[in-house]
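Each chain, written out:
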Amino acid sequence: MTILVATDLSARSDRAYDRGLLLAREQGKSLVVLHVIDKDLAKSDAAEDRHTAERIFREAAEALPADLQDKVSFEVVEGKASKLIIERAAAVEAPFVILGGHRHRG
């Protein structure tokens, strides 16, 4: 079993990420942390979002505790979030997805 956390990289999503780490540790499972760049963003905005996400994920990977280093992976993809989150969950056989609140939209 793999746990999937989808994040928009906002502070509101930090709790989902923390919960994913906790569950991965408690259950001895892998964790995939996914950020989807909205396909409707302008190219320059999408590039900036990708750069920011990769930096945040690199820092998060460096900060992982030793016991989770080989269990957590980070992915940045571009497209429609609702579709890609479901597809990625199916691909890694995640029985559930942990989500944080998405910015100011529910």
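To start, this report covers the structure provided alongside it. Model, not experiment: these values are computed from the prediction.

A few words now on the environment of Ala60. Here Ala60 lies in helix H2 (residues 43-63). Ignoring anything within four residues of it in the chain, the contact list for Ala60 reads Tyr17 and Phe74.

Going through the model one piece at a time under the given rule, you end up with 6 salt bridges. Here Arg55 and Glu59 are joined by a salt bridge, their closest N and O atoms 3.5 Å apart. A residue pair is termed a helical-turn pair when its members lie 3 or 4 positions apart in one helix, as Arg55 and Glu59 do in helix H2 at 4 residues. Given a relative accessible area of 44%, Glu59 falls into the partly exposed group.

Glancing now at the environment of Leu21. With respect to the element layout, Leu21 can be found in helix H1 (residues 14-27). Residue classification places Leu21 among the buried residues on the basis of a relative accessible area of 14%. Excluding its chain neighbours within four sequence positions, the residues that come into contact with Leu21 are Leu31, Leu64, Leu68 and Val72.

Once that is clear, we can look at the packing of aromatic side chains. Inspection of the entire model under this criterion finds 2 aromatic pairs. Aromatic pair Tyr17 and Phe74: ring centres 6.3 Å apart, planes at 40 degrees, arrangement tilted. One end of the pair, Tyr17, is in helix H1; the other, Phe74, is in strand E3 (residues 72-79), and 57 residues separate them in sequence. Here a set of aromatic residues connected by ring pairs shows up, and it is made of Tyr17, Phe57 and Phe74.

Turn by turn, an α-helix covers 3.6 residues, leaving residues three or four places apart pointing in a common direction. With 21 residues, H2 ought to run about 30 Å at 1.5 Å a step, and its terminal C-alpha atoms sit 30 Å apart, in line with that. Within H2 the residues assigned to the buried category are Ala46, Asp49, Ala53, Phe57 and Ala60. Around the axis of H2, the buried residues are gathered within 60 degrees of arc, so they sit on the same side. Seen from the open side of H2, the exposed residues pointing more than 90 degrees away from its buried face are Ser44, Glu48, His51 and Glu62. In this structure, the buried side of H2 is in contact with H1, strand E2 (30-38) and E3.

Looking now at the sheet that holds strand E1 (residues 2-6). The parallel open sheet is built from 4 strands, whose spatial order is E3-E2-E1-E4. The open sheet has two edge strands with one neighbour each: E3 and strand E4 (97-99). On average, adjacent strands in this sheet sit at an angle of 25 degrees to one another, irrespective of strand direction. Note that E1 and E2 share 5 bridges and pair parallel.

The rules behind each value
- Residues numbered from 1 in each chain as written.
- Predicted model: local features only at pLDDT ≥ 70, side-chain atom pairs only at ≥ 80, totals over all residues.
- Heavy atoms only, no water.
- Helix = DSSP H or I, 4+ residues; strand = E, 2+ residues; numbered from the N terminus.
- Contact = heavy atoms within 4.5 Å.
- Salt bridge = Lys/Arg side-chain N within 4 Å of Asp/Glu carboxyl O.
- Buried < 20%, exposed > 50% of the residue type's maximum accessible area, 1.4 Å probe, protein only.
- Phe/Tyr/Trp six-rings, centres within 6.5 Å; stacked < 30°, edge-to-face > 60°.
- Expected span 1.5 Å × (residues − 1).
- Arc of directions from axis to C-beta.
- Pairing = 2+ DSSP bridges.
- Axes fitted to C-alpha atoms, helices over the stretch in contact; angles between N-to-C directions.

Fair warning: the whole summary comes from geometry, so function is off the table for now.
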